[in-house]
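Now for the letters of each chain:
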Amino acid sequence: MVAGASEGIGAAFATYLATEGLDMVLIARRLEPLQQMVDKLKSRYHVEVTCIPCDLANANATQQIEEALHGKEINLLVYNAALSYIGPFIENSVEYHEQMAQVNMLSPLNFLHTFGGKMLAKGRGAIVLMASLAGFQGSGFFTMYAATKAYNRVLAESLWYEWKNNGVDIIACCAGATATPNFKNTLPEKISIFAPRVQLPEEIPNECFKKLGKRPSYIIGSGNRVASFLMQKMMSRKMAITLMGDNTKKMYRL
Ligand SMILES: NC(=O)c1ccc[n+]([C@@H]2O[C@H](COP(=O)([O-])OP(=O)(O)OC[C@H]3O[C@@H](n4cnc5c(N)ncnc54)[C@H](OP(=O)(O)O)[C@@H]3O)[C@@H](O)[C@H]2O)c1
């Protein structure tokens, strides 16, 4: 099951899993792009694909999805959908911050408890939670988004330890800038020739699945790993936070 599967990284995960011959359940809000994705995967890869239109900002989304599954077993879960906001924290409404908390933290929490719980009972399953380099330190002007991504990383890493001997693998897939429609819509400016290369969504699933079951979390892309090493190990926390904030200001002309 891929949550947030009609475009960007989620669509890349769904396509990758279809090439592996897996039947799937795909979730997103808009029915039309979701249905197009379903039709494409069915016709190209001859897999069974069910779509569930659902807004993960709803507090009862997990319940809705469980009902729509009609008892179908989920053995692999990719929770990919996220809301983001770039700009001054205080200029965004608290209602939108709360929606971000629901999509990025509370729905993954509910998914893990419900579907992860079922995998644990069977002693078999795998889960990918999407995290981000923005969540590795304070990231001004990405404030709430970064905090939710830090939550996902710690949640996945902690459960990796709790569940590793019970047949359920879980990984926090930590991406850097990736050329998804959502990312391109933010119209970012290139900040420096030293900035890590913007990755393609298709690069992510393959690298992530190679590390699933081996690592609690993994940074996708060698450029991102180098940048993260420099920021986490070679700089003070204060310097890393300042660099991140300064770069975001430049990227988004804030
Ligand atoms: N792109 C990057 O540069 C980047 C970098 C680091 C980490 N990430 C992480 O990678 C993941 C994917 O990012 P992305 O850029 O591909 O875009 P995204 O906007 O997070 O995901 C796009 C997909 O999720 C669905 N979706 C969004 N909100 C939803 C909601 N409330 N309920 C149900 N489905 C929802 C969208 O379809 P609908 O609009 O139809 O709902 C679409 O299929 C996120 O977790 C993000 O934090 C991205």
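None of these values were measured; they are calculated from a predicted model. (Residues numbered from 1 in each chain as written. Predicted model: local features only at pLDDT ≥ 70, side-chain atom pairs only at ≥ 80, totals over all residues. Heavy atoms only, no water.)

**Examining unusual backbone geometry**
It is generally the case that most residues other than glycine have a negative phi and that most peptide bonds are trans. The residue Phe141 is not glycine, and still its phi comes out positive at about 70°. For Phe141, the position within the fold is in the loop between strand 5 (125-132) and helix 5 (143-163). Its relative accessible area of 25% is what places Phe141 among the partly exposed residues. Although it is not a glycine, Leu187 sits at a positive phi angle of roughly 50°. With respect to the helices, strands and loops of the structure, Leu187 is situated in the loop between helix 6 (181-185) and helix 7 (203-211). (Helix = DSSP H or I, 4+ residues; strand = E, 2+ residues; numbered from the N terminus. Buried < 20%, exposed > 50% of the residue type's maximum accessible area, 1.4 Å probe, protein only.)

**Considering the pattern of salt bridges**
Scanning the entire structure with this criterion turns up seven salt bridges. Between Arg30 and Glu7 there is a salt bridge; the shortest N-O distance is 3.5 Å. In this pair, Arg30 sits in the loop between strand 2 (24-28) and helix 2 (31-45) while Glu7 sits in the loop between strand 1 (2-3) and helix 1 (8-19), placing the two residues 23 residues apart along the sequence. Accessibility expressed as a relative area gives 45% for Arg30, which makes it partly exposed. Residue Arg153 pairs with Glu157 through a salt bridge whose shortest N-O separation is 3.2 Å. Highlighted residues: Arg153 and Glu157, both in helix 5, separated by four residues, approximately one helical turn. According to the relative accessible area criterion, Arg153 is partly exposed, its value standing at 23%. (Salt bridge = Lys/Arg side-chain N within 4 Å of Asp/Glu carboxyl O.)

**Some thoughts on the packing of aromatic side chains**
Two descriptors summarise a pair of aromatic rings, namely the distance from one centre to the other and the angle between the planes of the rings. One pass over the structure, following the stated rule, counts six aromatic pairs. Ring geometry for Phe111 and Phe115: centres 5.3 Å apart, planes at 70°, overall edge-to-face. Taken together, the positions of Phe111 and Phe115, both in helix 4 (residues 94-122) and four residues apart, correspond to about one turn of that helix. Aromatic side chains Phe142 and Tyr145 sit 5.8 Å apart centroid to centroid with 45° between the ring planes, which places their arrangement in the tilted category. The class of Phe142 is buried, set by a relative accessible area of 13%. The exposure class assigned to Tyr145 is buried, which follows from its relative accessible area of 16%. Every member of this aromatic cluster is reached through a ring pair, and the members are Phe13, Tyr16 and Phe209. Over the face of the ring belonging to Phe136 we find Arg153, whose NZ or CZ atom lies 3.7 Å from the ring centre. One Lys or Arg, Lys164, reaches over the ring of Trp160 and ends 5.6 Å from the middle of that ring. (Phe/Tyr/Trp six-rings, centres within 6.5 Å; stacked < 30°, edge-to-face > 60°. Lys NZ or Arg CZ within 6 Å of the ring centre and 35° of its normal.)

**Let's talk about the site of the ligand**
In the region of the ligand, 29 residues are neighbours, and Ser6, Arg29, Asn80, Tyr145 and Thr180 sit closest. With respect to the ligand, the side chain of Asp55 contributes an N or O atom lying 2.9 Å from a nitrogen atom. Protein coverage of the free-state accessible area of the ligand, which is 850 Å², stands at 94%. Mapped by element, the contributors of at least two residues to the shell around the ligand are helix 1, strand 5, helix 5 and helix 6. Per element, the largest residue contribution to the shell around the ligand is three residues, and it comes from strand 5. Along the lines of polarity and charge, the residues of the shell around the ligand split into 15 nonpolar, nine polar and five charged. (Near = heavy atom within 4 Å. Polar contact = N/O pair within 3.5 Å; in protein donor to acceptor, adjacent residues only side chain to side chain. Areas by Shrake-Rupley, 256 points an atom, 1.4 Å probe, with all protein chains shown as cover. Nonpolar A, V, L, I, M, F, W, Y, C, P; charged D, E, K, R; others polar.)

Note that every value here comes from positions in space, so none of it alone points to a role or purpose.
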